[in-house]
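Structural features, examined
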Amino acid sequence: MFGFLDKLKSTVTKTAQSLVGNVIESVSDEAEFSDIVLDDMEGILISADLGVAYASELTDKLRGQTKIKPSQVKEYLKTEFLKTLSQAGSCELKFMPDKLNIYFITGVNGVGKTTLIGKMAYMFKTNGQKVLVAAGDTFRAAAEEQADIWSKRSGADILRKDKADPASVVYEAIQKGINENYNVILIDTAGRLHNKFNLMEELTKIKTVIDKNASDSLMESILVIDANTGQNGLQQAKVFKECVNLSAVALTKLDGTAKGGIVLAIAKNLGLPVKLVGVGEKMEDLKLFDSKEFVEALFV
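Here is a short report on the structure shown in this document. (Residues numbered from 1 in each chain as written. Predicted model: local features only at pLDDT ≥ 70, side-chain atom pairs only at ≥ 80, totals over all residues. Heavy atoms only, no water.)

**Considerations on the overall build of the chain**
Secondary structure assignment for the chain yields 12 helices and eight strands. The C-alpha atoms of the chain give a radius of gyration of 21 Å, which matches the 19 Å a tight globule of 300 residues would have. The C-alpha extent of the chain, read off along each of the three principal axes, is 65 × 40 × 30 Å. Expressed as a percentage of its 300 residues, the buried residues of the chain come to 55%. If you take every contact in the chain between residues at least 6 apart in sequence, the share linking residues at least 24 apart comes to 78%. Here the chain displays about 12900 Å² of accessible surface, and carbon together with sulfur accounts for 49% of that area. Side chains of the chain carry 37 positive and 40 negative charges; the gap between the two charge centres is 4 Å. (Helix = DSSP H or I, 4+ residues; strand = E, 2+ residues; numbered from the N terminus. Rg over C-alpha atoms; globule rule 2.2 N^0.38 Å. Buried < 20%, exposed > 50% of the residue type's maximum accessible area, 1.4 Å probe, protein only. Contact = heavy atoms within 4.5 Å. Areas by Shrake-Rupley, 256 points an atom, 1.4 Å probe, with all protein chains shown as cover. Lys, Arg positive; Asp, Glu negative; His and termini not counted. Charge placed at Lys NZ, Arg CZ, Asp CG, Glu CD.)

**Things to note about the pattern of salt bridges**
A side chain of one charge can pair with a side chain of the opposite charge when the charged atoms of the two come close. One pass over the structure, following the stated rule, counts 20 salt bridges. In this structure, the salt-bridge partner of Asp 39 is Arg 63, at a minimum N-O distance of 2.9 Å. Placement of Asp 39 in helix α3 (residues 35-47) and of Arg 63 in the loop between α4 (52-60) and α5 (73-87) is noted, with a sequence separation of 24 residues between them. A residue is classified by how much of its surface remains accessible, and Asp 39, at 43% relative accessible area, is partly exposed. Through salt bridges with shared partners, a single network forms among Asp 35, Asp 39, Glu 42, Asp 60 and Arg 63. (Salt bridge = Lys/Arg side-chain N within 4 Å of Asp/Glu carboxyl O.)

**Looking at the side chain of Thr 59**
Mapping Thr 59 onto the fold places it in helix α4. Once residues within four sequence positions are removed from consideration, Thr 59 is found in contact with Leu 38, Met 41, Glu 42 and Leu 45.

**As for the packing of α5 against helix α12 (residues 291-298)**
The geometry of α5 relative to α12 is characterised by a closest axis approach of 10 Å and an angle of 155 degrees between their N-to-C directions. Taken as axis vectors, α5 and α12 run roughly antiparallel relative to one another. Both α5 and α12 take part in a crossing whose hand is right-handed. Note on element contacts: α12 touches α5 through Ser 291, Lys 292, Phe 294, Val 295, Glu 296 and Leu 298, opposite Lys 78, Phe 81, Leu 82 and Leu 85. Split into classes, the residues belonging to the contact of α5 with α12 amount to six nonpolar, one polar and three charged. (Axes fitted to C-alpha atoms, helices over the stretch in contact; angles between N-to-C directions. Parallel < 35°, antiparallel > 145°, perpendicular 65-115°, else oblique. Left-handed = near helix turned anticlockwise from the far one by under 90°. Nonpolar A, V, L, I, M, F, W, Y, C, P; charged D, E, K, R; others polar.)

**Examining the sheet that holds strand β2 (residues 131-136)**
Here we have eight strands laid out as an open sheet, ordered β3-β2-β4-β1-β5-β6-β7-β8, and mixed in their pairing. Each having just a single partner strand, β3 (157-159) and β8 (286-288) make up the two edges of the open sheet. Within the sheet, the average angular offset between the axes of one strand and its neighbour, ignoring direction, is 25 degrees. Two elements, β2 and strand β4 (residues 184-189), share six bridges in a ladder whose sense is parallel. Bridge pairing in β4 links Ala 135 to Asp 188. Across the sheet, helix α6 (residues 113-126) touches β1 (101-106), β2, β4, β5 (218-226), β6 (248-252), β7 (274-278) and β8, and the angle it forms with β4 is around 175 degrees. In this fold helix α8 (residues 166-179) packs onto β1, β2, β3 and β4, with an angle of close to 165 degrees to the strand it touches most, β2. (Pairing = 2+ DSSP bridges.)

Quick look at the structure:
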């Protein structure tokens, strides 16, 4: 429905170096994989935010074998990365034409949820959809204003009720969406730490409202993760996945970080596909993720 940005290669330059370039350089002078070489390789992969378990799995497959040579490590990693991403599921954002599509957006404080929603609204509006933003972060005045500003910039409508129960805002948004034939509802939520029980319970309440009133319309439950958080994003994702049955991850601030390996760690450890990536500050700098193009960009 929407193309993946051509500037992806420049966006992941730092990740490509930390994840692939450094590994290739570390083994380039070796004829075989010794334990010392593999230990070094494992350390590089861990530092590139693949996580200990996944890095160990990748290097352990090379121990005690002679079929794959150090000169072939590039092809080996490329194959393994593609396999990992494909096993996590399709990276295509679910969308059904001619019906209501609801996207439930969650995440911790400061990851860029409201900005992401504004860019999603712009993306859908650009493709001719009627879009409603449900301003579910009702207890922080600045959040309401931010959602309003982004909605106006994108051309989307907004439903906001300052200080109201977030679940009631979502309920009203769903009714409005159904009655006025909207194509898309984007549900904003308050940023919350994944270890705060009451706030996570509030998310569960919102999810229940969606399930009761428009279960067939919920296309995606998306967790927004700042690419710069690296492995910390994994722990966030585990708790949110249990709470609201996540279906996808949106990765913000991928441009300029060397921690893009978190894409692979999320896929490997949580079985969640990344479906949206933020690659810049402009309205159009939110793109649908393409796993094959992402891996190709890492191995240029």
